Amino acid sequence: MTARPLIGVSTYLEAGARWGVWELEAALLPVGYPRLVQRSGGLAAMLPPDEQEQAAATVARLDALVIAGGPDVDPARYGAERDPRTGPPAHARDTWELALIDAALSAGVPLLGICRGMQLLNVALGGTLVQHVEGHAEVVGVFGRHTVKPVPGTRYAEAVPEETSVPAYHHQAVDRLGAGLVPSAYAEDGTVEAVELPAADGWALGVQWHPEMGEDSRVMRALVRAVS
């Protein structure tokens, strides 16, 4: 039997999570992420925040990396003043995930950023974010759907060539693109919904929506194929 590629997925670190009689600090990951990795042919490994000096050694053990969705990126990371609508900073997670991204890009390890992960990829490469957009998170705590259109000739369009309705929940988006990134999908309102590095610069793709909340596994399957 061929070994499944090991896909590391970054996780939340929460001060208090409850199960059974316990309420303790916990490293958490919505189950949609490992399930999406598994049904796409990968083996999922959770990567809780660690010392940033450990990022390169961690990435060296992986076949590919996923940066998961989560809280807003600290605007200080891209030189902006905090908008009142921007959520509280997650300093440890920002530091760890940016280190993971840098390590993956340096080592040529395939990388997929999901929602926050796409935004962090953009910031890691010197880009900036729009701190609030309307219409992409209409009901608090409920994933909505909208259509994204691929840009022909991109890696994303190769994986998903048609317009697609995707599950989404975000209120921030890419503003100025990071160095080397190109847009590979747009929402109907013009919001950049996917970014990627050209093939010559390695395998890195970010999507603004949440494929782990839907049935379409083509984006994750593309990541798995990149290391198979």
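The structure reproduced in this document is the subject of the present report. (Residues numbered from 1 in each chain as written. Predicted model: local features only at pLDDT ≥ 70, side-chain atom pairs only at ≥ 80, totals over all residues. Heavy atoms only, no water.)

**Overview of the overall build of the protein chain**
Part 1 of the argument: Across its full length, the protein chain holds six helices and 13 strands.
Part 2 of the argument: Relative to a compact globule of 228 residues, whose C-alpha radius of gyration would be 17 Å, the protein chain shows 17 Å and is just as compact.
Part 3 of the argument: With the principal axes as the frame, the protein chain shows a C-alpha extent of 50 × 50 × 30 Å.
Part 4 of the argument: Buried positions account for 50% of the 228 residues belonging to the protein chain.
Part 5 of the argument: The contacts of the protein chain with a sequence gap of at least 6 include a subset with a gap of at least 24, amounting to 67%.
Part 6 of the argument: If you sum the accessible surface of the protein chain, you get close to 10,900 Å²; carbon and sulfur atoms cover 54% of it.
Part 7 of the argument: In the protein chain, 17 side chains carry a positive charge and 28 a negative one; their mean positions are 6 Å apart. (Helix = DSSP H or I, 4+ residues; strand = E, 2+ residues; numbered from the N terminus. Rg over C-alpha atoms; globule rule 2.2 N^0.38 Å. Buried < 20%, exposed > 50% of the residue type's maximum accessible area, 1.4 Å probe, protein only. Contact = heavy atoms within 4.5 Å. Areas by Shrake-Rupley, 256 points an atom, 1.4 Å probe, with all protein chains shown as cover. Lys, Arg positive; Asp, Glu negative; His and termini not counted. Charge placed at Lys NZ, Arg CZ, Asp CG, Glu CD.)

**Concerning the pattern of salt bridges**
Part 1 of the argument: Counted under the stated rule, the structure contains seven salt bridges.
Part 2 of the argument: A salt bridge links Asp83 to Arg85, with the nearest nitrogen and oxygen atoms 3.1 Å apart.
Part 3 of the argument: With its nearest N and O atoms 2.7 Å apart, the salt bridge here joins Asp94 to Arg116. On the criterion of sequence distance, the pair formed by Asp94 in helix α3 (residues 91–107) and Arg116 in helix α4 (residues 116–124) is long-range, its members being 22 residues apart.
Part 4 of the argument: For Asp94, a relative accessible area of 0% puts it in the buried group. (Salt bridge = Lys/Arg side-chain N within 4 Å of Asp/Glu carboxyl O.)

**With respect to the pairing of strand β11 (residues 182–187)**
Part 1 of the argument: Bridge analysis of strand β8 (residues 144–150) against β11 gives three bridges, and the strand direction is antiparallel. Bridge assignment links Pro150 to a residue of β11, and that residue is Ala185.
Part 2 of the argument: Of the strand pairs in this sheet, β11 and strand β12 (residues 192–196) are connected by four bridges, and their pairing is antiparallel. By the bridge assignment, Pro183 is partnered in β12 with Val195.
Part 3 of the argument: The turn linking β11 back onto β12 is made up of four residues, and Gly190 within it adopts a positive phi angle of 95°. (Pairing = 2+ DSSP bridges.)

**Some details on the sheet that holds strand β4 (residues 43–47)**
Part 1 of the argument: Read across the sheet, nine strands follow the order β4-β1-β5-β6-β13-β12-β11-β8-β9 without closing on themselves; strand pairing throughout is mixed. Whereas interior strands pair on both sides, the edge strands pair on one side only; in this sheet they are β4 and β9 (164–168). When strand polarity is set aside, the average angle formed by the axes of neighbouring strands in this sheet is 25°.
Part 2 of the argument: Against the sheet, α3 makes contact with β1 (6–10), β4, β5 (64–67), β6 (111–114) and β13 (204–207), and its axis sits at roughly 150° relative to β5, the strand it touches most.
Part 3 of the argument: Where α4 meets the sheet, it contacts β5, β6, β12 and β13, and its direction lies at approximately 120° from that of β6. (Axes fitted to C-alpha atoms, helices over the stretch in contact; angles between N-to-C directions.)

**Focus: a nonpolar patch on the surface**
Part 1 of the argument: A cluster of nonpolar side chains, contributed by Trp19, Val21, Trp22 and Leu24, occupies part of the molecular surface with about 470 Å² of accessible area.
Part 2 of the argument: Position of Trp22 among the secondary structure elements: in strand β3 (residues 22–28). (Patch = residues over 30% accessible without salt bridge, like charges linked within 9 Å, V, L, I, M, F, W, Y side chains within 5 Å.)

**Quick notes on the packing of aromatic side chains**
Part 1 of the argument: Considering all chains together, one arrives at two aromatic pairs under this definition.
Part 2 of the argument: Consider the rings of Phe143 and Tyr169, whose centres lie 5.8 Å apart with planes at 55°: the pair is tilted. In this pair, Phe143 sits in the loop between β7 (129–130) and β8 while Tyr169 sits in the loop between β9 and β10 (173–174), placing the two residues 26 residues apart along the sequence.
Part 3 of the argument: Exposure remark for Phe143: the relative accessible area of 34% places this residue in the partly exposed category.
Part 4 of the argument: Look at Tyr156 and Trp209: their rings are 5.5 Å apart centre to centre, the planes differ by 65°, and that puts the pair in the edge-to-face class. (Phe/Tyr/Trp six-rings, centres within 6.5 Å; stacked < 30°, edge-to-face > 60°.)

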